[in-house]
Every structure is written in structure tokens, then in C-alpha cells.
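Summary of the model geometry
Single-letter residue listing:
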Amino acid sequence: MLETKITIQETTNNTILKFNSTAILINGGSYEFNNIDEAKNSPLAQELFYLPFVKKVFITANFIAIQRFDILEWIDVQEEVKEQIEAYITDGNVVVNEQITSKKEAIEVYAEVTPNPAVMKFGVNKALTQTDVEFKNIDEANASSPLAQAIFNFPFVKEVFISDNYISVTKYDMVEWNDVYGEVRTFIREYLADGKIIIKELPKEETIATENNVAAPKVVLEGISAQIVDILDEYIKPAVASDGGNIAFRSYDEANKVVSVVLQGACSGCPSSTATLKNGIENLLKEMLPNMINEVVAING
């Protein structure tokens, strides 16, 4: 039995708390329940509604968001709710009874060119993941995403990046997108229409070893680092997502005032990525965080 860990995350709405899970809860998409009657297909949500302060329950692939009534504050009950969810999932109980029928889901997939000639963006009318995932090869995909693994079966596929409602595929130079994008688009549409698993387990985050060879604990971002992430999320990510890419924050060197980011999807290896970093992200951060930023660098190229 694989133990599930739940972490608590505050939101901008003080009545709503997120409970992030290390285990995949559902196969893509999301479910929202306003009361116990609506939660008939979710045993977990029904159990949560027995708590008198629970107003709404929102379930995604890797977190559960709960809205409370004003009869109490989250600080009084959040640890108990966390432990209840952890125990429920670790025991192997069903989170949502996702309906499996012979009728295929109506899926639309469109192909869109990106500023990176090696990358094609495949937009989808379905939520795929709440956490961006990137795979550099089929071995990485095999441990986490059956969908990405299947896409790697095309011999020309070099990398796969899956975001909220699109998939960016990077190809080798052996083919041109005009010759193969239709085949990839059809494959993705049929795979999703069949209701197959998108992500079975989130990739493990890289850890930094200490002198005693013990993985350092995950650091909660605060101060300038937290402000940088907020700016990236609000101003940068929506723009690059429209081009099939992503900019992920990695670290902030306070002494040298240097921000390190990771380029993903269409942004990785894109000829215009340097201009995006310098003229876009770097200038924006310097303007919004005066005297705190000297440079923005991409640690993967």
C-alpha cells in the first residue's frame, strides 16, 4: 500500500483551502460538488460533506479544494481534514467513480504552430493536468504518463510537454511538421476520446543532496522568490502558454540578484527564447521589483 502525503496550501480566498496530493486522484479533468447530493459519484466528497463546515468540494488530478462556511476558521480544523484525506486515499478508497462507457467522449484537438519550428502545439477542449509535466524521453514518460509514452512511439518525437489544456510535442529534424502533424493530432484525439489514462503519477521533483547525502526538504517560497513566482504566473505564463511553452521558476540568488528559470515546451530551444528572457521577463521583473533583479537566466539553455 503506497502512502499518500497531503500538503496544505492557502488560496487568495480565505474560505478555500487546497489539499495537494502526492498521488494522482482522477484521470484528468475536474469535479465540483456543491452539496452531498451532487457528490453521489464521489465517496470522498460525500465523506467530506459530513463535516458541518464544508460548503463546496472541488477535486482535480492532484488536489482537493474545499470551501468552508463561516462558522469557523481553517486554522482550527485544517490538520484534521488533511489527516482524514490522507488516510482515505492511502487505504485505497475511491475518490471519484469516473464513468466508463462505450460511448466515446467528444474531443476536439487543434494543431497550432509555435515560434519554435521544432515544436507543434496540440490544443484540447479537455482539462489534462493541473500540474505541468515535461518528458525528455520515453523512459521518463513510462514512469509517469501513459499518454506521453504513447506519443513517444512516433519515431520523430523528441520531447513531450503536457499542460492544462494542450500538449506541446518537440520533433527531431528527420521530418517536417506539415508531413506528420495530422497523424499526431488524430492519435491524441482518439486516445483522449477512449478515456485512457493521461497521467498516472506526477514526476518526482529533483532534490539537492546535502553533505550527508540526505535529500533537502522542499522549501516554501517566500519574500522575493514568492513575488517572482506570482509575477510569472500572472503576466508571463499566459503569454507563453498561448505559444505552447512554459517558464518555470527554479531559484533566486539573493546575493547576486539573479533569477534562474526553466524553459519548457515550445520555449525550450526556441530561437526567440533569449529575446523573451531579456526583453520580456527580465525587463518586467526589474520594473516590478526595482533594485532586486540584475539578470534572468535559463538553466537549461
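The structure under discussion appears in the preceding block.
To continue, consider the sheet that holds strand E12 (residues 258–265). Spatial strand order, E11-E12-E13: three strands in an open sheet with mixed pairing. Strands with a single pairing partner mark the edges of an open sheet, and in this sheet they are strand E11 (245–253) and strand E13 (295–298). Strand-to-strand twist across the sheet, computed as the mean angle between neighbouring axes with direction ignored, equals 30 degrees. Taken together, the four bridges between E12 and E13 define a ladder with parallel strand orientation.

Next up on the list: the packing of aromatic side chains. Pairs of aromatic rings are described using the distance from one ring centre to the other and the angle between the two planes. This structure, assessed with the given rule, holds 10 aromatic pairs. Aromatic pair Phe-58 and Phe-63: ring centres 6.3 Å apart, planes at 40 degrees, arrangement tilted. Using a relative accessible area of 10% as the deciding quantity, one classes Phe-63 as buried. Aromatic pair Phe-154 and Phe-156: ring centres 5.5 Å apart, planes at 35 degrees, arrangement tilted. You can call Phe-154 buried: its relative accessible area is 11%. Joined through ring pairs, the aromatic side chains of Phe-122, Phe-154, Phe-156, Trp-177, Phe-187 and Tyr-191 make up one cluster. The aromatic ring of Phe-63 is capped on one face by Lys-18, whose charged end is 4.1 Å from the ring centroid.

Counting buried residues in strand E10 (residues 166–171) gives six out of six residues, a clear majority hidden from the surface. Side chains Tyr-166, Ser-168 and Thr-170 of E10 all project onto a buried face; the interleaved residues Ile-167, Val-169 and Lys-171 project onto the opposite face, where all are buried too. In the sheet, strand E7 (residues 119–124) pairs with E10 via five bridges, with the strands oriented antiparallel. Paired with Val-119 across the bridge in E10 is Thr-170. As paired elements, strand E9 (residues 157–162) and E10 share five bridges and run antiparallel to each other.

Among the surface-exposed residues, Asp-76, Glu-79, Glu-80 and Glu-83 lie close enough to one another that they form a single negatively charged patch. Residue placement: Glu-83 occurs in helix H2 (residues 78–90).

Moving on, we come to helix H5 (residues 177–193). Taking 1.5 Å as the rise per residue, H5 with 17 residues should run 24 Å; its terminal C-alpha atoms sit 23 Å apart, in good agreement. Where H5 is concerned, the buried positions are Trp-177, Val-180, Val-184, Ile-188, Tyr-191, Leu-192 and Ala-193. Residues of H5 that are buried in the fold lie against strand E6 (109–113), E7, helix H4 (146–151) and E10. Downstream of H5 by a residue or two, Gly-195 has a phi angle that is positive, lying close to 70 degrees.

Right, let's talk about the sheet that holds E9 for a bit. Pairing is antiparallel across the open sheet formed by five strands, whose spatial order is E6-E7-E10-E9-E8. Looking at which strands have only one partner, the edges of the open sheet turn out to be E6 and strand E8 (133–135). Within the sheet, the average angular offset between the axes of one strand and its neighbour, ignoring direction, is 20 degrees.

What follows covers the side chain of Ser-260. Checked against the element boundaries, Ser-260 lands in strand E12. Sequence-distant contacts of Ser-260, defined by excluding residues within four places in its chain, comprise Phe-249, Arg-250, Ser-251, Val-297 and Ile-299.

Further remarks concern unusual backbone geometry. Located in the positive-phi region is Lys-257, a residue other than glycine, with phi close to 60 degrees. Relative to the helices and strands, Lys-257 resides in the loop between E11 and E12. Here Lys-257 falls in the partly exposed class, since its relative accessible area comes to 26%. Phi at Asn-291 is positive, roughly 65 degrees, even though this residue is not glycine. Within the secondary structure, Asn-291 sits in the loop between helix H7 (273–288) and E13.

For H2, spanning 13 residues, the distance from its first C-alpha to its last is 18 Å, which sits close to the expected 18 Å at 1.5 Å a residue. Here H2 has its buried residues at Gln-78, Val-81, Ile-85, Glu-86, Tyr-88, Ile-89 and Thr-90. Of the surrounding secondary structure, the elements contacted by the buried residues of H2 are strand E1 (6–10), strand E2 (16–21), helix H1 (43–49) and strand E5 (63–68). One or two steps after H2, the chain reaches Gly-92, where phi turns positive at roughly 80 degrees.

Moving on, we get to the pairing of E5. Put simply, side chains in a regular strand alternate between the two faces of the sheet. Among the six residues that make up E5, six are buried, leaving the element largely enclosed by the rest of the structure. Both E2 and E5 contribute to a ladder of five bridges, which runs antiparallel. Its bridge partner lying in E5, Phe-19 is registered against Ile-64. Strand direction decides the pairing type here: strand E4 (residues 54–60) and E5, joined by five bridges, are antiparallel. What sits directly across from Ile-59, in E5, is Ile-64. Linking two consecutive strands that pair antiparallel, namely E4 and E5, is a turn of two residues.

Calculation notes
- Residues numbered from 1 in each chain as written.
- Predicted model: local features only at pLDDT ≥ 70, side-chain atom pairs only at ≥ 80, totals over all residues.
- Heavy atoms only, no water.
- Pairing = 2+ DSSP bridges.
- Helix = DSSP H or I, 4+ residues; strand = E, 2+ residues; numbered from the N terminus.
- Axes fitted to C-alpha atoms, helices over the stretch in contact; angles between N-to-C directions.
- Phe/Tyr/Trp six-rings, centres within 6.5 Å; stacked < 30°, edge-to-face > 60°.
- Buried < 20%, exposed > 50% of the residue type's maximum accessible area, 1.4 Å probe, protein only.
- Lys NZ or Arg CZ within 6 Å of the ring centre and 35° of its normal.
- Patch = residues over 30% accessible without salt bridge, like charges linked within 9 Å, V, L, I, M, F, W, Y side chains within 5 Å.
- Areas by Shrake-Rupley, 256 points an atom, 1.4 Å probe, with all protein chains shown as cover.
- Salt bridge = Lys/Arg side-chain N within 4 Å of Asp/Glu carboxyl O.
- Lys, Arg positive; Asp, Glu negative; His and termini not counted.
- Charge placed at Lys NZ, Arg CZ, Asp CG, Glu CD.
- Expected span 1.5 Å × (residues − 1).
- Contact = heavy atoms within 4.5 Å.

Keep in mind these numbers describe shape, not what the thing actually does.
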